[in-house]
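# Residue-level structural notes
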Amino acid sequence: MTSRVLYGHYESGHSYKVALALNLLGLPYEYREVAVFSPREERREDWQAVTRYGEIPVLVTDGKPLSQSDAILLSLARTTGRLDGGDIDQAAQWLFWEANRIGISLPNYRLYRRWEAGDPGLLAWLRARLEADMGRLEQELHERPFLMGEEVSIADCACAGYAWFFDQTGLDIGAWPHVKAWLGRLAALPGWKHPYELLREEAV
Ligand SMILES: N[C@@H](CCC(=O)N[C@@H](CS)C(=O)NCC(=O)O)C(=O)O
């Protein structure tokens, strides 16, 4: 049987993207929380041994580590033949969009609203970018229930990774009703859990 260990943290939407895909696929894995708010050198040693970029998530499959949430999502879709939306290249488009757009704007806007005082110019830039990204999703989800069509895929796991923290931005998700309805559809899927439920464990 394949062994899987996921290193992550409950405040990390990047980790959550992977955990959600594993849950939707029904693949068993061991979860290990990494104390990301501690200095890197003080975090758990087993994670130090497998992280390539000093980040979470890392998924170790049969002893082989893979970093970068979207690379992990692609690997899961490719190896299982599921969650690929029927066309893995089209799904990959969404992952690259997410990595450069909503995977930057939403986590960083949240970061500066919640934990660190952000430069006002930077905050304004991030907010404008976030609103544009939400607008992009709103337009897409106006036409279909999930980003790749009728079925959930890795595109949804990627683009919704941080959406469960949206209330921490101070913005109202109700401004994007199709996005809000999409999150409701995702939350109704068997295997769905909120990141604070899915990724909580004693940090080391
Ligand atoms: N591009 C990476 C981003 C990962 C990332 O930003 N991880 C953050 C947590 S969300 C992290 O490990 N931060 C701790 C640090 O940089 O020390 C991915 O998609 O996996």
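For every chain, the first residue of the written sequence is number 1, and numbering continues from 1 along that sequence. Only residues with pLDDT of 70 or above have their local features reported here, since the model is predicted, and side-chain atom pairs are shown and tallied only from 80 upward, although totals for entire chains, interfaces and linings are computed over all residues.

We now examine the site of the ligand. Nearness here is judged by the C-beta atom: place it from the backbone, and if it falls within 6 Å of a molecule or strand, the residue counts as near that partner. In the vicinity of the ligand, the contacting residues are S12, H14, V36, R40, G54, E55, I56, P57, Q68, S69 and D70. For the shell around the ligand, the per-class residue count stands at 3 nonpolar, 5 polar and 3 charged. All amino acids are sorted into three groups, where Ala, Val, Leu, Ile, Met, Phe, Trp, Tyr, Cys and Pro are nonpolar, Asp, Glu, Lys and Arg are charged, and the leftover types, Gly among them, are polar.

Turning our attention to the packing of helix α3 (residues 69-80) against helix α4 (residues 88-100). Note on method: axes are straight lines fitted to C-alpha atoms, helices fitted across the in-contact stretch only, with angles between N-to-C directions ranging 0 to 180 degrees. The helix count covers DSSP runs of H or I at least four residues long, the strand count covers runs of E at least two residues long, and both are numbered beginning at the N terminus. Their axes nearest at 10 Å, the elements α3 and α4 cross at an angle of 165°. Put simply, α3 runs roughly antiparallel to α4. Judged by the twist between their axes, the crossing of α3 over α4 is right-handed. On α4, the residues touching D70, L73, L74, A77 and R78 of α3 are I88, A91, A92, L95, E98 and A99. The residue inventory of the contact of α3 with α4, partitioned by class, reads 8 nonpolar, no polar and 3 charged. Orientation is classified from the angle alone, with under 35 degrees giving roughly parallel, over 145 giving roughly antiparallel, 65 to 115 giving roughly perpendicular, and any other angle giving oblique. It is the rotation of the near helix from the far one that decides the hand of a crossing: anticlockwise by less than a right angle makes it left-handed, clockwise makes it right-handed. Residues are treated as contacting if the C-beta atoms built from their backbones sit within 7 Å of each other.

As a further point, take the nonpolar core. Buried Ala, Val, Leu, Ile, Met, Phe, Trp, Tyr and Cys residues whose C-beta atoms connect them within 7 Å together make up a nonpolar core. Buried means a residue has 20 or more other C-beta atoms within 10 Å of its own C-beta, exposed means 12 or fewer, and partly exposed covers the counts in between; C-beta atoms are placed from the backbone. A21, L73, I154 and A155 are the most contacted members of the largest nonpolar core, which has 49 residues in total. In terms of residues, this core owes the most to one element, helix α1 (residues 13-25), which gives 7 residues. Formed jointly, this core draws a minimum of three residues from each of two domains, domain 1 (4-82 + 191-198) and domain 2 (88-187). For the domains described, the bounds stem from an automatic or database domain assignment.

What follows is about the packing of helix α6 (residues 120-141) against helix α8 (residues 177-187). Between α6 and α8, whose axes approach to 7 Å, the crossing angle comes to 70°. In this view, α6 runs roughly perpendicular relative to α8, as classed from their interaxial angle. Along its contact with α6, which presents M134, L137, E138 and L141, the element α8 presents H178, V179 and W182. Residue classes in the contact of α6 with α8 are distributed as 5 nonpolar, 1 polar and 1 charged.

Any link to function would need more than the numbers given here.
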